[in-house]
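One letter stands for each residue in the lines below.
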Amino acid sequence: MTVTQPKGFRAAGVAAGIKAAGKLDLALVVNDGPLQVAAGVFTRNVIKAAPVLWSREVLKQRRLKAVVLNSGGANAATGPGGFQDTHQTAEKVAGLFQAGAIEVAVCSTGLIGERLPMEALLSGVDTAFKGLGTGAEADLDAATAIMTTDSKPKQAAAKHDGGWSVGGFAKGAGMLAPNLATMLSVLTTDAVVTPDVLDRALRAATGVTFDRLDVDGGTSTNDTVLVLASGASGVEPTEAELTELLTAVSLDLVLQLRADSEGATKYVDVTVTGAASEADAIAVGRTIAEDNLVKTALFGSDPNWGRIAMALGRVPAEIDPEKVAITINGVTLFAKGTPAADRSEADLSGRDIQIVVDLGLGEGEATIYTTDLSHAYVEENSAYSS
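Residues numbered from 1 in each chain as written. Predicted model: local features only at pLDDT ≥ 70, side-chain atom pairs only at ≥ 80, totals over all residues. Heavy atoms only, no water.

Per an unreviewed UniProt entry, the protein goes by Arginine biosynthesis bifunctional protein ArgJ and derives from Amycolatopsis coloradensis. We quote the UniProt Sequence similarities (unreviewed entry) comment for the protein here in full: "Belongs to the ArgJ family." For the protein, the Subcellular location (unreviewed entry) comment in UniProt is given as "Cytoplasm". (UniProt positions renumbered as here; feature names shortened; annotations may be inferred.)

Structure representation (structure tokens):
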């Protein structure tokens, strides 16, 4: 069990007919309470999909009864008509629970620029409502229904010794970058929590997990992470405890997203230490993670630290070349402005690669999760109309 492991939640995933060939394409997650506290974070892309605009607005109330998600269409760049489709979807779900549309978040993912087949979608909401349940099958169906180019569903859960849990699912395989990587994620908890605490905990958790995933530099129009709290455990954790468990589950999902990202053959952690500030560390890590020359070298298992030096040297951050050290898979190849070892000493033949850049200036540090850039990534994205 994942999204329904915390008490007070039900889920379903159905084939509404949005996608071809009868694939699962609509998910519903419901909070049965007693609390219905919620928080969310959304894409920073200026071009926001209609569901993002809707859900961002309703989350101002910090309360959600349900979330409805569809794959097979992003409902992005669809104008006023697309926003009305989102509103209609929320009203449909709300009507089934005798709730208000303002208590329903909507998420969509898929091709940008096309309206959704609303007759099929609304019929699918009825089907999902009738199929709501708990347990592994319900959770798997819901996680599967939001997949696009994903090859497998992504789910995670963790239970605290104090008797409360966090669970959730996510999707995403391409258009993965900072500012919430292309992904949708729904997290649930049965902890007793106030709206402000839940909001702060979510932002702290996503700040070091979802916001640190950077596969290809593409920030989606639809990125959304929601967390719903039912309070059904009767246990009120501290803010630190809630943040810690939310972070653990979020990181589990992020690493699954990276592992299933399009065309990836290497899983790369870029850790920057010794920065003058955390912001500098993040900026350097993201620039290295997004650099195509670095990524193609990693695909070829080539420990070409010169490309890493080039990438970090163009970041608008405080950098002293004489203090920089670059270490790849445990071997320091560059330090104090000069080569420190033969690059052949760093073995990149395996799947996992650790790049550590020490700027030698301060206490700021950050880790960015990325991949290589392979033939398969280019081929898949050249054939996928997006």
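### Details of the side chain of T78
Along the chain, T78 falls in the loop between β4 (66–71) and α2 (79–96). In terms of polar contacts, T78 uses its side chain to reach the side chain of N75, at 2.6 Å. (Helix = DSSP H or I, 4+ residues; strand = E, 2+ residues; numbered from the N terminus. Polar contact = N/O pair within 3.5 Å; in protein donor to acceptor, adjacent residues only side chain to side chain.)

### Focus: the sheet that holds strand β5 (residues 104–109)
Pairing in this open sheet of four strands is mixed, and the strands run β1-β2-β4-β5 from one edge to the other. Edge strands, defined here as strands with exactly one partner in the open sheet, are β1 (9–14) and β5. Averaged over all adjacent pairs, the angle separating strand axes in this sheet is 10 degrees, with direction ignored. Note: strand β2 (residues 26–31) against β4, five bridges, orientation antiparallel. The residue of β4 that forms the bridge with L28 is V68. Where helix α4 (residues 136–145) meets the sheet, its contacts fall on β1, β2 and β4, and the angle it forms with β1 comes to roughly 55 degrees. (Pairing = 2+ DSSP bridges. Axes fitted to C-alpha atoms, helices over the stretch in contact; angles between N-to-C directions. Contact = heavy atoms within 4.5 Å.)

### Overview of empty space enclosed by the protein
Once rolled over the atoms, a probe with the size of a water molecule shows which space is left empty. Volume-wise, the largest cavity comes out at about 40 Å³. Taken together, V294, A297, L298, D302, P303, N304, R307, I308, I328 and L348 make up the full set of residues lining the largest cavity. Those elements that place two or more of their residues in the lining of the largest cavity are α8 (292–299) and α9 (305–313). Counting residues per element, the lining of the largest cavity draws most heavily on α8, which supplies three residues. (1 Å grid on protein atoms, 1.4 Å probe; cavity = no way out; pocket = protein on both sides within 12 Å on 5 of 7 lines; lining within 4 Å. Points joined across faces, edges and corners; volume = space filled by probe spheres on them.)

### Observations concerning helix α5 (residues 195–207)
Between its first and last C-alpha atoms α5 spans 18 Å; for 13 residues at 1.5 Å apiece the expected length is 18 Å, and the two agree. Of the residues making up α5, those classed as buried are V197, L198, D199, A201, L202, A205 and T206. Elements that come into contact with the buried residues of α5 comprise β3 (37–42), β8 (184–189), β9 (224–229) and α6 (239–259). (Expected span 1.5 Å × (residues − 1). Buried < 20%, exposed > 50% of the residue type's maximum accessible area, 1.4 Å probe, protein only.)

### So, the pairing of β1
Along β1, five of the six residues are buried, which leaves the element largely enclosed by surrounding structure. Bridging between β1 and β2 involves six bridges; their strand directions are antiparallel. Pairing of F9 across the sheet is with N31, part of β2.

### Details of the sheet that holds strand β12 (residues 331–335)
Consider a sheet: its strands pair through backbone hydrogen bonds, and that pairing is either parallel or antiparallel. A sheet is described by the order of its strands in space; here six strands give the open sequence β13-β12-β11-β14-β10-β15, paired in mixed fashion. The sheet is open, and its two edges are formed by β13 (338–339) and β15 (364–371), each paired on a single side. Here strand β10 (residues 267–275) pairs with β15 via seven bridges, running antiparallel. Residue pairing for β15: V272 is matched across the bridge by A366. Of the strands in this sheet, β10, β14 (352–358) and β15 are in contact with helix α7 (residues 278–290), which crosses β15 at around 20 degrees. The sheet strands contacting α9 are β11 (325–328), β12, β13 and β14, and the helix crosses β11 at an angle near 135 degrees.

### Notes on the domain arrangement of the protein
Per the domain assignment, the segments making up the protein are domain 1 (9–260) and domain 2 (267–381). For domain 1 versus domain 2, the distance between C-alpha centres works out to 32 Å. Each side of the interface is counted separately: domain 1 has 16 residues, and domain 2 has 17 residues. Taken together, the two surfaces of domain 1 and domain 2 that pack against each other cover about 1,400 Å², and 48% of this comes from carbon and sulfur. (Domains from an automatic or database assignment. Buried area = accessible area lost by both parts, 1.4 Å probe.)

### Considerations on helix α3 (residues 118–130)
Compared with an ideal rise of 1.5 Å per residue, which puts 13 residues at 18 Å, α3 spans 19 Å between its outermost C-alpha atoms and is within 8% of the ideal. Here α3 has its buried residues at M118, A120, L121, L122, G124, V125 and A128. On its buried face, α3 sits against β1, β2, β4 and α2.

### Some thoughts on the packing of aromatic side chains
The tally for this structure, following the rule as stated, stands at three aromatic pairs. Ring geometry for W305 versus F334: centroids 4.9 Å apart, planes at 25 degrees, classification stacked. Pair noted here: W305 is in helix α9 and F334 is in strand β12, with a separation of 29 residues, a long-range link. (Phe/Tyr/Trp six-rings, centres within 6.5 Å; stacked < 30°, edge-to-face > 60°.)

### Regarding the nonpolar core
The biggest cluster of nonpolar side chains holds 51 residues, and the ones touching the most others in it are V67, L69 and F169. If we skip the residues at most four places from it in the chain, V67 touches A27, L28, V29, A105, C107, V186, L226 and L228. (Core = buried A, V, L, I, M, F, W, Y, C linked by side-chain atoms within 4.5 Å.)

### Things to note about the UniProt feature "binding site: substrate" (unreviewed entry) in the protein
UniProt records the feature "binding site: substrate" (unreviewed entry) for T148, K171, T182, E262, N381 and S386 in the present numbering. Along the chain, K171 turns up in strand β7 (residues 165–171). Of the polar contacts made by the side chain of K171, one reaches the side chain of T148; its length is 3.0 Å. With respect to the helices, strands and loops of the structure, E262 is situated in the loop between α6 and β10. Residue classification places E262 among the buried residues on the basis of a relative accessible area of 6%.

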